[in-house]
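Tertiary structure, described
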Amino acid sequence: MSDLIVGIDLGTTNSEVAAFSGGRVRVLGPGNGILPSCVGVSPSGEFLVGEAALNQQRLFPDRTIRGIKRKMGTSDTVSMAGHDYTPQEVSALILKELVNWASASLGEPVKRAVITVPAYFSDAQRNATREAGNMAGIEVVRILNEPTAASLAYGFSEGTRHTVMVYDLGGGTFDVSIVTIEGDVTEVLSSHGNNRLGGDDFDDLLVMHLQQEFHRQHGVFVGEEHRAARARLWWAAEQAKKQLSAEPYARVREEALIVENGKPLHLDAEISRDTYESLIRPLVDSTLDSVSKALDDAGRSSSSMDAILLIGGSTRTPLVSRLLRERTGLEPRQDVHPDLGVALGAGVLASRLAGQQVDRVLVDVSPFSFGPSYLGERGGVSYPYCYHPVIRRNTPLPVTRTESYYTSYPGQTTVEIQVFQGDNEDALNNILVGNFRVEGLKDTKEPNEVLCRMSLDIDGILHVSAIEKATGKSKQITIGGALQPKTEREVEDSRRKIEDLFRRREGAAAFGEWDETGEDDLPAEYELLNPPPEDVAAEPVEPAEATPADPAWAELRHKAVDLIKRARAASGKMHGEDREEARELQAAIEEAVSGHDSRSLNEKIRSLEELLFFVEGS
Ligand code: AMP
């Protein structure tokens, strides 16, 4: 049999397949390799899977099936175009499409796979997943927990023992798990979540907001009877949501959303990130309650975590990482593509089982953070070198992010943008990488909003633009080699430049020139002001389920880790059948640990100990 094994993330919203190809683990398939977990039969009788099925879902819901993962392990059936199907059969259709993608990409038939499941899946749900694989014509060599897969993608199986938090917020489900990893032995210590919470709920809230806006503009409510208009609203809301992950504003324009008495009524609305965040804040807060529960159940504190890994498309929402950072004091990691991380992790394990030496997934990320300085407060006094990054370290490339700032005094028509590299909240402790001046802004009494957009490409070229929001007027600079580590001399030059500017400011401030003088006399570096984000009250929501942390189990797991290390060391001495048996026992031990099955673990440990006793003694 071929050694080829693929890794599959069989998700509620989307599914992907990954394997070792061209020297690294990669996601396979057309386009971005993401297959919506959706199947359907068109009115003309054609079988549809993925995007094509999803496209017809709102128009022909009785001919389309979505979210089948929620029914895995139950005896429910679902109906599609008048025929009934078991959840396993529907999942098999999705798996088969993924296997076809993989076979076409790799140029050979795929017969074996590792498939991921949520940590909280019961035996019945895991068995149903295996069955689905068999129905699709593949041997399921391992069922892998999703948070474990994410940890593998990040390379946490290398070196010593690590404990990581995996926060997974997808389209329709949320879970957070605490995972320990030591070599090939991984264990989910605790897992909490809500399998009815995800980015689709964020869309719903935005749709409601847009409905209210449309009603305010035209006095008409977009109700159930406006089926096509609602489908357009949902699509527009999702696009706006995604845009708000990178920009402080999103504009929604839907021409002739509804035609009333022969008159087309248009929707034209601008949504700010602040408004959006206040809509979704209670939902995100509820996920933080699950984070606390998961830590409690695992008997850990956030400071004992080696990392927080973000998985699932909805973790791109900046509010999620901001609140996690505030709650735990750790910088959440997002360097592995959040939609693909689980599939890539399954691909890492699949490749190892097939005999490849793979430690982690390779991704292009920014090794540095970048942002402008602004006038804010430090220690209760105003300070012109406040700083927070617009592009954060470890963000996958290419990336574009925009933040909004305000002029700092009435009638200010000039701003100087200073761009820094670094993470320190005092810009003077970071490295100045460029600066430019924007002149001719509108002369207003109110604070004038200026957007700072930063784009960093894979070659390390950083484009920074300042855009006056009211007029769209903009100015841009390009900074080459932004990803090159700076030499001592460059750092020293930059420090001197900053000190020069700072001295100019101190001189100016001493003369109290701030509010009284005209723009030309103003020290250039005062001028951006960044308002702190508003705090919105949280509504706690009860989290779902619990797994206890158990010291006797921790000891057993330790034993398993040691034993596997011994088996590895002794493998050179083993021959044919012994080696095969050791490999099988090792796999069974790994599975027993990840499934938290102490009876099976004790049994397999004993068998492997016996085998090693003979091998080591020989
Ligand atoms: P998943 O189930 O992990 O594939 O995640 C899908 C969810 O991620 C959907 O609700 C998407 O709308 C959401 N999503 C994808 N891209 C973004 C983005 N840039 N910002 C916020 N949510 C996103």
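The following paragraphs examine the structure supplied in this document. (Residues numbered from 1 in each chain as written. Predicted model: local features only at pLDDT ≥ 70, side-chain atom pairs only at ≥ 80, totals over all residues. Heavy atoms only, no water.)

Some words on helix α8 (residues 318-328)
The condition is simple: For each residue, the accessible area found with a 1.4 Å probe, counting protein chains only, is set against the maximum for its type, and the residue is called buried under 20%, exposed over 50%, and partly exposed in between. Think of it this way: any DSSP run of H or I at least four residues long counts as a helix, any run of E at least two long counts as a strand, and we number them from the N terminus.
Buried within α8 are the following residues: Leu319, Val320, Ser321, Arg322, Leu323, Leu324 and Thr328. Two residues or fewer past α8, glycine 329 is found with a positive phi of approximately 75°.

Describing the pattern of salt bridges
What counts, and what does not: Salt bridge, as used here: a side-chain nitrogen of Lys or Arg that lies within 4 Å of a carboxyl oxygen of Asp or Glu.
Within this structure, the stated rule accounts for 25 salt bridges. A salt bridge links arginine 232 to glutamate 254; the nearest nitrogen and oxygen atoms lie 2.9 Å apart. With arginine 232 in helix α6 (residues 227-244) and glutamate 254 in strand β15 (residues 249-260), this pair connects stretches of sequence that are 22 residues apart. By relative accessible area, arginine 232 is classed as partly exposed at 30%.

Side note on the packing of aromatic side chains
Applied cut-off: Between 30 and 60 degrees the pair is tilted, below 30 it is stacked and above 60 it is edge-to-face, where a pair is any two Phe, Tyr or Trp rings, Trp via its six-membered ring, whose centres lie within 6.5 Å.
The full count for this structure, using the stated rule, is five aromatic pairs. Ring geometry for tyrosine 120 and phenylalanine 121: centres 6.1 Å apart, planes at 70°, overall edge-to-face. On the basis of an interplanar angle of 65° and a centroid distance of 6.3 Å, the ring pair of tyrosine 383 and tyrosine 385 is categorised as edge-to-face. Judged by its relative accessible area of 13%, tyrosine 383 falls in the buried class. Owing to a relative accessible area of 0%, tyrosine 385 belongs among the buried residues under this scheme.

What to know about unusual backbone geometry
A cis amide bond links leucine 397 to the next residue, proline 398, at an omega of -5°. Note on placement: proline 398 falls in the loop between β19 (381-387) and β20 (399-407). In this structure, alanine 256 is a non-glycine residue whose phi angle is positive, near 45°. Looking at the element boundaries, alanine 256 is found in strand β15. For asparagine 261, which is not glycine, the phi torsion reads 50° and is therefore positive. Inspection of the secondary structure puts asparagine 261 in the loop between β15 and β16 (263-272).

So, the site of the ligand
The line we're drawing: Note on terminology: near, applied to a residue and a molecule or strand, indicates that one of the residue's heavy atoms is within 4 Å of it. We call two N or O atoms a polar contact when they sit within 3.5 Å, provided that within protein one can donate a hydrogen and the other can accept it, with sequence-adjacent residues counted only if both atoms are side-chain atoms. Where each domain starts and ends comes from a domain assignment, either automatic or drawn from a database.
Lining the immediate environment of the ligand, one finds 16 residues, of which Asn14, Glu238, Lys241, Ser245 and Gly313 sit closest. Between an oxygen atom of the ligand and a side-chain N or O atom of lysine 241, the distance comes to 2.6 Å. Between the ligand and glycine 313 there is a distance of 2.9 Å, counted from an oxygen atom to a backbone nitrogen or oxygen. In terms of residue count, α6 provides more of the shell around the ligand than any other element does, three residues in total. Inspection of the shell around the ligand shows a minimum of three residues originating in each of domain 1 (1-154 + 338-361) and domain 2 (156-334).

What to know about the pairing of β16
Quick reminder of the rule: In this analysis, strands are considered paired if DSSP registers two or more bridges between them.
Pairing geometry for β15 and β16, over nine bridges, is antiparallel. When the sheet's bridge partners are listed, arginine 253 is paired in β16 with aspartate 268. What sits between β15 and β16 in their antiparallel hairpin is a turn of two residues, with asparagine 261 showing a positive phi close to 50°.

Here's the deal with the sheet that holds strand β6 (residues 47-49)
To keep things clear, this is the line we draw: In this analysis, axes come from line fits to C-alpha atoms, helices being fitted only over the stretch in contact, and the angle between any two N-to-C directions falls in the range 0 to 180 degrees. Any two residues whose heavy atoms approach within 4.5 Å are treated as being in contact.
Read across the sheet, three strands follow the order β6-β5-β7 without closing on themselves; strand pairing throughout is antiparallel. Each edge of the open sheet carries a strand with a single partner, namely β6 and β7 (64-66). Across this sheet, the average inter-strand angle for adjacent strands is 15°, counted without regard to direction. Where strand β5 (residues 38-41) lies against β7, three bridges are found, and the strand directions are antiparallel. Directly across from glycine 40, in β7, lies its bridge partner threonine 64. Along the sheet, helix α2 (residues 87-106) contacts β5, β6 and β7; its crossing angle with β5, the most-contacted strand, is approximately 105°.

Concerning the pairing of strand β14 (residues 185-194)
Two faces make up the sheet, and in a regular strand the side chains alternate between them. Extensive coverage of β14 is indicated by the burial of nine of its 10 residues. What sits between strand β13 (residues 174-182) and β14 in their antiparallel hairpin is a turn of two residues, with glycine 183 showing a positive phi close to 55°.

Regarding helix α13 (residues 598-617)
Stated precisely, the cut-off is as follows: Between the first and last residue of a helix there are one fewer steps than residues, each counted as 1.5 Å, and that sum is the expected span. Think of the arc as the fan of directions from the helix axis to the C-beta atoms.
Its 20 residues place the ends of α13 28 Å apart at the C-alpha level, agreeing with the 28 Å of an ideal helix rising 1.5 Å per residue. Buried within α13 we find Ser600, Leu601, Ile605, Leu608, Leu611, Leu612 and Val615. Projection of α13 onto a plane perpendicular to its axis shows the buried side chains occupying an angular sector of 135°, all on one side. Opposite the packed face of α13, turned more than 90 degrees from it, sit the exposed residues Arg599, Glu610, Phe613, Phe614 and Gly617.

Describing the sheet that holds strand β12 (residues 162-169)
Reading across the sheet, the four strands line up as β14-β13-β12-β17 and stay open at both edges, with mixed pairing between neighbours. Only two strands of the sheet have a single partner each, and these edge strands are β14 and β17 (307-311). Averaged over all pairs of adjacent strands, the angle between their axes in this sheet comes to 20°, without regard to strand direction. Bridge count between β13 and β14: nine bridges; the pairing is antiparallel. By the bridge assignment, isoleucine 178 is partnered in β14 with serine 190. This element, helix α7 (residues 273-298), spans β12, β13 and β14 of the sheet and lies at about 140° to β14.

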